[in-house]
Amino acid sequence: MALNRWLGTLLIVSALGFAGCGQPTKKNPDSQPTAAATKTMAETPAPAETAAAETPAPAETAAPDAAATPAEAGSTAAAGSREAMEEDFENADGMAGYEDVLKMEVPPSSPDVLAKGKEVFAANCASCHGDAGMGDGAAGANLDPKPRNLTVASEYKYGHLELAVYRTGAYGVEGTGMAPLGDVLEPEEMWAVTHYIRSLQK
Ligand code: HEC
């Protein structure tokens, strides 16, 4: 008998609790079960809110990570990446053709492109820069400044990556023997010799 009454009370409390949940605006502020139900109601959303508040956090964390990956790759990876090229190219900021070359896409290299670049180099650059690009060509012997040794990346003054080498070849270095060769050579030939020069660098 006592158990039945206890169960009955439990049932009523549960029912009131349920009703309270279903109708948060229910009027009966003094009744205990309603207060209990209100407490339950107040607590119930908490985990949901916490979950909701936490859910975007990993997503937000993931987004900058994903964005950071290419940037990191750009700064540390292969010297030919766009970011590395633009950073290197800042050495030529303000020089002839800088703004125009900055907008260019670098066409890909290939064995054929390198073979063509080697020919272009032999015909147009080797007289000063030397057959192997060491800066020891006969036509450059009396120049001041001397033609660059193109095989040593650290000796370039205006950048040694693709955008920079292209600009130097096409627009030259004012006041030196490094004349602008963009009028003599087609862009395709300039890019080929650029890739070839990059292949000589150590
Ligand atoms: C008449 C001689 C001469 C010829 C021909 C010549 N160069 Fe140069 N080049 C120079 C001189 C001199 C310098 C050094 C300029 C300086 O110190 O500012 C130089 C420097 C360079 C540099 C290095 C720039 C730097 O950042 O330090 C590159 C790259 C270059 N030349 C590319 C070429 C290419 C490509 C060709 C052929 C298409 C070519 N040059 C033909 C004389 C020449």
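Coordinates for the structure precede this section.
About the criteria used
Residues numbered from 1 in each chain as written. Predicted model: local features only at pLDDT ≥ 70, side-chain atom pairs only at ≥ 80, totals over all residues. Heavy atoms only, no water. Buried < 20%, exposed > 50% of the residue type's maximum accessible area, 1.4 Å probe, protein only. Helix = DSSP H or I, 4+ residues; strand = E, 2+ residues; numbered from the N terminus. Contact = heavy atoms within 4.5 Å. Lys, Arg positive; Asp, Glu negative; His and termini not counted. Salt bridge = Lys/Arg side-chain N within 4 Å of Asp/Glu carboxyl O. Polar contact = N/O pair within 3.5 Å; in protein donor to acceptor, adjacent residues only side chain to side chain. Patch = residues over 30% accessible without salt bridge, like charges linked within 9 Å, V, L, I, M, F, W, Y side chains within 5 Å. Areas by Shrake-Rupley, 256 points an atom, 1.4 Å probe, with all protein chains shown as cover. Charge placed at Lys NZ, Arg CZ, Asp CG, Glu CD.

Trainee: Help me out: how do you make sense of helix H9 (residues 162-171) in this one?
Mentor: Taking burial as the measure, the 10 residues of H9 include nine buried ones, the bulk of the element. Those residues of H9 lying buried are Glu162, Leu163, Ala164, Val165, Tyr166, Arg167, Thr168, Gly169 and Ala170. Next to the buried residues of H9 lie helix H5 (82-89), helix H6 (98-102) and helix H10 (187-200). Glycine 172 sits one or two residues past H9 and shows a positive phi near 70°.

Trainee: Whenever I open this one, the side chain of aspartate 88 confuses me. Can you help?
Mentor: Position of aspartate 88 among the secondary structure elements: in helix H5. Arginine 198 is the oppositely charged side chain nearest to the buried, salt-bridge-free aspartate 88, at an N-O distance of 7.6 Å. In terms of polar contacts, aspartate 88 uses its side chain to reach the backbone amide nitrogen of histidine 160, at 3.0 Å. In contact with aspartate 88, not counting residues within four places along its chain, are Tyr158, Gly159, His160, Leu161 and Ala164.

Trainee: In this structure, what is going on with the environment of valine 184? I would like to understand it.
Mentor: Inspection of the secondary structure assignment puts valine 184 in the loop between H9 and H10. According to the relative accessible area criterion, valine 184 is exposed, its value standing at 55%. A sequence separation of 60 residues divides valine 184 from asparagine 124, and the C-alpha atoms of the two residues are 9.1 Å apart. Once you skip the residues sitting within four places of it in the chain, valine 184 turns out to touch Asn124 and Glu189.

Trainee: Would you mind going over a negative patch on the surface with me for this structure?
Mentor: On the surface, Glu83, Glu87, Glu90, Asp93, Glu99 and Asp100 cluster together into a negatively charged patch. For the negative patch, the secondary structure elements donating two or more residues are H5 and H6. Looking at the element boundaries, aspartate 100 is found in helix H6. Taking the relative accessible area as the measure of exposure, aspartate 100 reaches 43% and is therefore partly exposed.

These values are about where atoms sit, not about what they do.
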